[in-house]
Amino acid sequence: MALVSPKQVRYERRSIAGREIPVAVAPTLPRHSVPARFFSGLYSLLTGMKLTLRYFVKPSTIVTRQYPNNRETLKFPDRYRAALKFKYVTVRQPITDWEFPDPKSPTLRLPASLLRDWSRGYEDASYHKCTGCKNCEVACPNASIRVVTRIGEVTEDREVDRFIWRMDSCMYCNACVQACPFDAIEMGHDYENAVYDRRLLVYNLNRQAGPPASLVTEEEDITVRRRMMSHRERCGGPIPLNGHALPNLHALPVTPIVDASTGSIERNSEAES
Amino acid sequence: MDTTYQVKSIAEQAADSLNVGILPTLGYLGLALLLVAGLVVVLGMGLIWLERKIAAHFQCRLGPNRVGPFGIFQTLMDTIKLLFKEDIVPMRADKTLHLFAPFLALATPVLILGVIPYGPLQQVADISIGVLFVSAVGGFGVMGILVGGWSSNNKWSTIGAMRAGAQIISYELSATLALLVVVLFSGSMKLSAIVTSQHDGWWVWRAPGVGLLAFVIYLISSTAEINRLPFDIPEGESELAAGFHTEYSGMRFSFFFLAEFINMFVAAGLAATLFLGGWMPFHIGDWASFNAVMDLIPPVAWFSLKAFFIIFLIMWVRWTFPRLRVDQLMHLEWRFLLPIGFANLIAASLIALTNFYFYPLAGN
């Protein structure tokens, strides 16, 4: 194979359409003789065979992932986008109220390791970083995000109530993540999101409603901290199931959401349509 | 120590046993049938699995690994699936020919399976014009493809069949010229005699250069004859849908598929028999102790080793090289392989005249 080396290129000026234009002239490549072409062709064929033989004898070159069997060891590239998710700040906070909380309390998130936490004297609480600024909602090109805010009981300020993300219309452009000034959301690696009803693809991303972690941790009293946050289901709220019951799935309790910014009550059908 | 092998085909043994009675004769004939039928089944299953596995590893994949250990039952399951699939015949097709063509395609390699010597005693029929028979019947193999493509009444099938015809007729010449070199060297067309003539060394290295060149020419042209990549223009997935078997489905499609794989074994077995000594162990002239060590491996194992080495070579080539264009294919045959083949034949006749071999023939 013959290639032009930079040394062979001549630079000159030619008059083209009445103007002097600098041009680079490559020499005409000589056509090699038949035996030379034969042997160079043979060499290239053997190079290819050497490469495939290397693939054949080296098991480490196999790229196949035996998917359902390798869930434990599955690795994703950092930029892999499977589902939008909230980032959480984990705070280790001492327990001041030694009263065992009511497990049915709707305002308290019960971690699985509650008993262990209580025996240690402190608990690990995770708080989101979302302030409810709605930058992501504005940035979303196909209106897949809806941030519902409320006026908090404790803070008496605007804070996020529900962060609703529609996976069925999301096109994973990452614009919301880039638009977020508080680094509150990211594209997570939770794959296996298939469902049988597309209404289930509408998620409530935040685990709790309430102010972001930066505000929560300013408050020293843990009971006040707990009162700031209220629990939210992943598929919770009126929008995901739109108030309907599906086979094997109960309709979630429908409560009207009061939009804090306008004070109007949203209708269920509004988000679905 | 010089080992001599008792060479006798199953047909001859059956003929001899006629003196004893009709039952042993029938037994021998049944054995022959069993050998060929068993080979067809085992090769069909094994080679398809092997091809998929080897192809996968050439392409950094794993290949079938779900059904049975290493997926060895995958082909069996595929066969069962194909058996239950609907056999569709196009509306305007020539029905008789359409249904007949797969059997025609399968008959060719099965006929050749009968004359290949797998071992000194493991050969169904040892006919005295073995090489002529092989090239004649091998050329007949195109009939199945032509009939199948023509009778489908589909433009892709017809183009594929015509391409197959042109290709096989062209490459038949080079293949036969390469076979003739070995016929010149061994002085016989009988396949078992060709094998025994390689007692002192295989023809691929014993005739300086010429044998190797003939071997390479035979490999290239037989790969073209069995329509495998890089010469698979009769199928040409990217150009002709599936070529001559576009309209075939179910078991008839799998017959074409089976014929292709048995053809591959036949080509590999013939290359092994003619150039690599067939079932003859690797001997070097008068190195008695070396030859004695090599004799420890049974002849059938030698044949299988050589045949599967060549099958691996054919698969390796298939999964490495891109497909040739139609004009490049004809260019390669008529302007390169054929002149080289003729020159090689002349060189071979000079060598045969002057007895210019490594370890010259004793008789001359």
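Residues numbered from 1 in each chain as written. Chains lettered and ligands numbered in written order. Predicted model: local features only at pLDDT ≥ 70, side-chain atom pairs only at ≥ 80, totals over all residues. Heavy atoms only, no water.

**Here we look at helix 7 (residues 155-186) of chain B**
Item 1. Here helix 7 of chain B spans 46 Å end to end across 32 residues, near enough to the 46 Å set by a 1.5 Å rise per residue.
Item 2. The positive-phi residue at the C-terminal boundary of helix 7 of chain B is Gly-187 of chain B, with phi of around 70°. (Helix = DSSP H or I, 4+ residues; strand = E, 2+ residues; numbered from the N terminus. Expected span 1.5 Å × (residues − 1).)

**Notes on the nonpolar core**
Item 1. By size, the foremost hydrophobic cluster in this structure holds 96 residues, and its most contacted members are Leu-113, Phe-185, Phe-265, Phe-275 and Ile-310 of chain B.
Item 2. Contacts of Phe-265 of chain B, omitting those with residues within four sequence positions, involve Leu-43, Leu-47, Leu-113, Tyr-118, Phe-303, Ala-307 and Ile-311 of chain B.
Item 3. One finds Phe-86, Cys-170, Leu-201 and Tyr-203 of chain A within the second-largest nonpolar core, a separate group that totals 20 residues. (Core = buried A, V, L, I, M, F, W, Y, C linked by side-chain atoms within 4.5 Å. Buried < 20%, exposed > 50% of the residue type's maximum accessible area, 1.4 Å probe, protein only. Contact = heavy atoms within 4.5 Å.)

**Brief notes about the confidence of the model for chain A**
All names here are of chain A.
Item 1. Residue-level pLDDT values for chain A average 77, and 74% of them are 70 or greater.
Item 2. Of all the helices and strands in chain A, helix 8 (residues 268-272) carries the lowest mean pLDDT, 39, while helix 4 (residues 175-179) carries the highest, 93.
Item 3. For the stretch residues 253-260, pLDDT sits under 50, and the model shows 23 contacts to residues farther than four places along the chain or on other chains.
Item 4. Low pLDDT (under 50) marks residues 263-273, which in the prediction has 22 contacts with non-local residues, meaning those over four places away or in another chain. (pLDDT = per-residue confidence, 0-100.)

**Details of the packing of aromatic side chains**
Item 1. Applying the stated rule across the entire model yields 26 aromatic pairs over all chains.
Item 2. Ring geometry for Phe-56 of chain A against Phe-58 of chain B: centres 4.8 Å apart, planes inclined by 35°, an arrangement best described as tilted. Taken as a pair, Phe-56 of chain A in helix 1 (residues 34-57) and Phe-58 of chain B in helix 2 (residues 22-58) lie in two separate chains rather than in one.
Item 3. We classify Phe-56 of chain A as partly exposed; its relative accessible area is 25%.
Item 4. Here Phe-103 of chain B and Phe-255 of chain B contribute two aromatic rings whose centre-to-centre distance is 5.1 Å and whose plane-to-plane angle is 85°, an arrangement assigned as edge-to-face. Here Phe-103 of chain B, found in helix 4 (residues 95-113), pairs with Phe-255 of chain B, found in helix 12 (residues 250-275); they are 152 residues apart in sequence, far enough to count as distant.
Item 5. For Phe-103 of chain B, a relative accessible area of 40% translates into the label partly exposed.
Item 6. Over the face of the ring belonging to Tyr-88 of chain A we find Arg-207 of chain A, whose NZ or CZ atom lies 3.9 Å from the ring centre.
Item 7. It is Lys-155 of chain B that lies over the ring of Trp-156 of chain B; its NZ or CZ is 4.9 Å from the centre. (Phe/Tyr/Trp six-rings, centres within 6.5 Å; stacked < 30°, edge-to-face > 60°. Lys NZ or Arg CZ within 6 Å of the ring centre and 35° of its normal.)

**Remarks on the environment of Phe-309 of chain B**
Item 1. Its place among the elements puts Phe-309 of chain B in helix 14 (residues 299-318).
Item 2. For the pair Phe-309 of chain B and Thr-79 of chain B, spaced 230 residues apart in the sequence, the C-alpha separation amounts to 26 Å.

**Here's the deal with the interface of chain B and chain A**
Item 1. The partner chain A presents 14 residues to the 15 residues of chain B that form the contact.
Item 2. Together chain B and chain A conceal approximately 1400 Å² of surface at their shared face, both sides included; 73% is due to carbon and sulfur atoms.
Item 3. Linking chain B with chain A are zero salt bridges.
Item 4. At the boundary of chain B and chain A, one finds seven residue pairs in polar contact (both at pLDDT 80 or more).
Item 5. Among the elements of the structure, helix 2 and helix 14 of chain B are those that each provide at least two residues to the side of chain B that touches chain A.
Item 6. Classifying every residue of the side of chain B that touches chain A gives ten nonpolar, three polar and two charged. (Buried area = accessible area lost by both parts, 1.4 Å probe. Salt bridge = Lys/Arg side-chain N within 4 Å of Asp/Glu carboxyl O. Polar contact = N/O pair within 3.5 Å; in protein donor to acceptor, adjacent residues only side chain to side chain. Nonpolar A, V, L, I, M, F, W, Y, C, P; charged D, E, K, R; others polar.)

**So, the pattern of salt bridges**
Residue and element names in this part refer to chain B.
Item 1. Counted according to the given criterion, the structure contains 14 salt bridges over all chains.
Item 2. One salt bridge in this structure joins Arg-228 and Glu-51, with 2.9 Å as the shortest N-O distance. In this pair, Arg-228 is assigned in the loop between helix 10 (210-225) and helix 11 (237-240) and Glu-51 in helix 2, connecting sequence segments 177 residues apart.
Item 3. By relative accessible area, which is 1% here, Arg-228 ends up buried.
Item 4. With relative accessibility at 4%, the residue Glu-51 sits in the buried group.
Item 5. Residue Asp-78 is joined to Arg-52 by a salt bridge in which the shortest nitrogen-to-oxygen separation is 3.0 Å.

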